[in-house]
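Listed below are the residues making up each chain.
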Amino acid sequence: MKKILAALLCSWCGLGWGQTAEELLNDGKNTENVTTFGMGYDLKMYSPLRQINKSNARRLVPIWSFSLANDMGEHSQPTVYNGVMYVVNGNWTFAIDVATGRQIWRTPVQYERGALRVATSGALMRGPATIYEGKLFRQTVDAHVLALDMKTGKEIWKQKYAEWKEGYKGVIAPLIANGVLISGMGGGDSTTRGFVEGYDPHTGKQLWRRYTIPAPGEPGSETWPNQAKPEAWKYGGGATWQYASYDPQLDLVYIGTGNAEPYNPTFRDGADCLYTASTLALRPKTGEMVWYYQSVPNDSFDFDATAESLLAELRVDGQMRKVLISAHKNGFLYVLDRTSGKPIAANPYVKVNWATHIDLKTGRPVLTDLLDRAMKGETVNVFPSRGTNATLIAFSPKTGLVYLNSWNFPRLMKYVDFKFVLGSGSTGIESTMTTPKDEPAGYHMAIEPLTGKVAWQVPLMEFASSAGMLATDGGLLFTGLLTGEVVALDQDSGKMLWQFKTGSSVNAPPITYTHKGRQYVSVLSGRGGSIANRVVTDSVPTGGSVWTFALMPE
């Protein structure tokens, strides 16, 4: 055994462990590596690979599977660099040999177990293992950000950024942009004040912090009830708990913010409450806010704007425009001008009853009577409870379509009294979620982003999908199901061409890459997350693993 390990270590000695800013910028050009989330800084979840295509997808077979020694859920995307796959979850960080599936090293995550009381979904990790210049960066559930040595897994530095006892939690992967480590925070539905911050990736020194809720006297503070409720802004929500995208030409990082707290607007005097439920464009070097777009002023329905911001170029009125596309939890598919934040289009992609439409001149939703009825004490049925379940969408530059997994769940909701307790839940509602009888739980969908026209949709009758979408030049879409299947769909119709049953739910985004010229598909399996657990309960077992697939030789 010692001889085998020595031989493996020797074979890895020749690998380059450094990883440069240039390689981050060019992610996707070298198909042997997947160095950023979403298959590139633009989060398009698109690959030009076509070795695996519609004609041969049925020949996909598992090459190897690797246990992640975790029962709390797998939501992250693998990172691949120079023949090594890096995987993070709430309890471990792994380096795995891509060719064989053998472990190179694994490092346990050291965190205060009491933080699990705040992180009600358990210790999760969204996004990838972030790598840069020989270091791997990640968060821990007890609100730390840290750096590990890519070669050995040994800790280089670790910084505490918040107090978990106050409701903060670390569930998001950081981002490297223009040499700065950008890191957000979890803490939605709790007594937190959102922020995003920048670190020196080499030392862990904090360079800046941008709060998502302005203090009194700062721009935007006039949208909070500072006179009548002087403490509201301190605990008002706006968590930045999903991954950011980056435009290196504009040098802008785009990150979404969560809902205002509490949901019950009585405790915020029905104010707009900037910069909650917003998309922010920030300078990575300084944290300066260049623009913002608030999709849901006075968010009273838990409509986070944290869905990842996909960056694309679309022809609008005869001219190519740099746009940002977001499948919002509120049920609208937004297209914004990413240089200015001005809305270009906003169309519903699921059933919506809280607003009639988005006024593109003001950018504000035009409300129905639903909020007024709720404010009068009525129990209301809000469509949707979530348009998607915090999953990556995909965009193909060839078809011009957005591909996503939608949910068809309303929320039965009633506003109730709210008592402030630091670090505890901060919603001010009672609610339940159920699938409408005899209706699909959700859909696989293809949508024209500017018109909102549905090109096709495939109903999912048992459970909606919580997995991300991946589009390839082979005409395929890869995604997963809560019942445990990894699936390949026909990009033109949504028809299922292949499926493979893993041991647990697939909540994570798949990736594709090459190794020595052969195309692979990898994805994490492992039931976890509050919504997925609530939906499938114990009908699907827990247990994390990585699965890697390739074509069976003819």
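Residues numbered from 1 in each chain as written. Predicted model: local features only at pLDDT ≥ 70, side-chain atom pairs only at ≥ 80, totals over all residues. Heavy atoms only, no water.

## A closer look at the environment of N30
By the secondary structure assignment, N30 is in the loop between α2 (21-25) and β1 (46-47). Judged by relative accessible area, which is 41%, N30 ranks as partly exposed. Residues N30 and T514, spaced 484 residues apart in sequence, show a C-alpha to C-alpha distance of 8.9 Å. (Helix = DSSP H or I, 4+ residues; strand = E, 2+ residues; numbered from the N terminus. Buried < 20%, exposed > 50% of the residue type's maximum accessible area, 1.4 Å probe, protein only.)

## Notes on the packing of aromatic side chains
Tallied over the entire structure, the rule returns 27 aromatic pairs. Taken together, a centroid distance of 6.4 Å and an interplanar angle of 25 degrees make the contact between W157 and Y199 stacked. Taken together, the residues W157 in strand β12 (residues 155-160) and Y199 in strand β15 (residues 195-199) connect sequence positions 42 residues apart. The two residues W157 and Y199 agree in class, both being buried. (Phe/Tyr/Trp six-rings, centres within 6.5 Å; stacked < 30°, edge-to-face > 60°.)

## Focus on the environment of V296
One can find V296 in the loop between β20 (289-294) and β21 (310-316). Considering only alpha carbons, one finds V296 and D272, 24 residues apart in sequence, at a separation of 8.1 Å. If near-sequence neighbours (up to four positions away) are discounted, V296 is found in contact with A277, F303, H328, N330 and W354. (Contact = heavy atoms within 4.5 Å.)

## Examining the nonpolar core
In terms of nonpolar packing, the biggest core is built from 90 residues, with M85, L175, Y403 and V546 touching the most fellow members. Setting aside chain neighbours within four positions, we find L175 in contact with Y41, T130, V180, L181, I182, Y243, A244, S245, Y246 and V253. The next biggest cluster of nonpolar side chains, apart from the first, holds 28 residues, and it includes Y254, W354, L370 and A374. (Core = buried A, V, L, I, M, F, W, Y, C linked by side-chain atoms within 4.5 Å.)

## A look at the sheet that holds strand β18 (residues 252-256)
Spatially, the four strands line up as an open sheet ordered β17-β18-β19-β20, and their pairing is antiparallel. The open sheet has two free edges, formed respectively by β17 (245-247) and β20, since each of these has just one partner strand. Averaged over all neighbouring strand pairs, the angle between strand axes comes to 20 degrees, with direction disregarded. Bridge count between strand β19 (residues 278-282) and β20: five bridges; the pairing is antiparallel. (Pairing = 2+ DSSP bridges. Axes fitted to C-alpha atoms, helices over the stretch in contact; angles between N-to-C directions.)

## Notes on unusual backbone geometry
Going from L274 to Y275, the amide bond is cis rather than trans, its omega being 0 degrees. Looking at the secondary structure, you find Y275 in the loop between β18 and β19. Note that the residue after F383, namely P384, is joined by a cis bond; omega there is -5 degrees. Tracing the backbone shows P384 in strand β27 (residues 380-386). For D251, which is not a glycine, the phi torsion comes out positive at approximately 55 degrees. With respect to the helices and strands, the residue D251 is situated in the loop between β17 and β18. Positive phi outside glycine occurs at D269, with the angle close to 55 degrees. Along the chain, D269 falls in the loop between β18 and β19. With relative accessibility at 41%, the residue D269 sits in the partly exposed group.

## Brief notes about the layout of surface pockets
The gaps left among the atoms become clear once a water-sized probe is rolled over them. Taken as a whole, the largest pocket holds about 1,000 Å³ of empty space. What lines the largest pocket is a set of 50 residues, and nearest its centre among them are S121, K169, G188, D189 and S530. Sorting the residues of the lining of the largest pocket by element identifies β31 (429-433) and α4 (530-536) as the ones contributing at least two each. With four residues, α4 is the largest single contributor of residues to the lining of the largest pocket. For the lining of the largest pocket, the class distribution of residues is twelve nonpolar, 28 polar and ten charged. A volume near 530 Å³ is recorded for the second largest pocket. Taken together, 23 residues line the second largest pocket, and the ones lying closest to its centre are L25, D27, Y41, D42 and K44. Counting only elements with at least two residues in the lining of the second largest pocket, the list comes to α2, β1, β17 and β21. Partitioned by chemical class, the residues of the lining of the second largest pocket number ten nonpolar, five polar and eight charged. (1 Å grid on protein atoms, 1.4 Å probe; cavity = no way out; pocket = protein on both sides within 12 Å on 5 of 7 lines; lining within 4 Å. Points joined across faces, edges and corners; volume = space filled by probe spheres on them. Nonpolar A, V, L, I, M, F, W, Y, C, P; charged D, E, K, R; others polar.)

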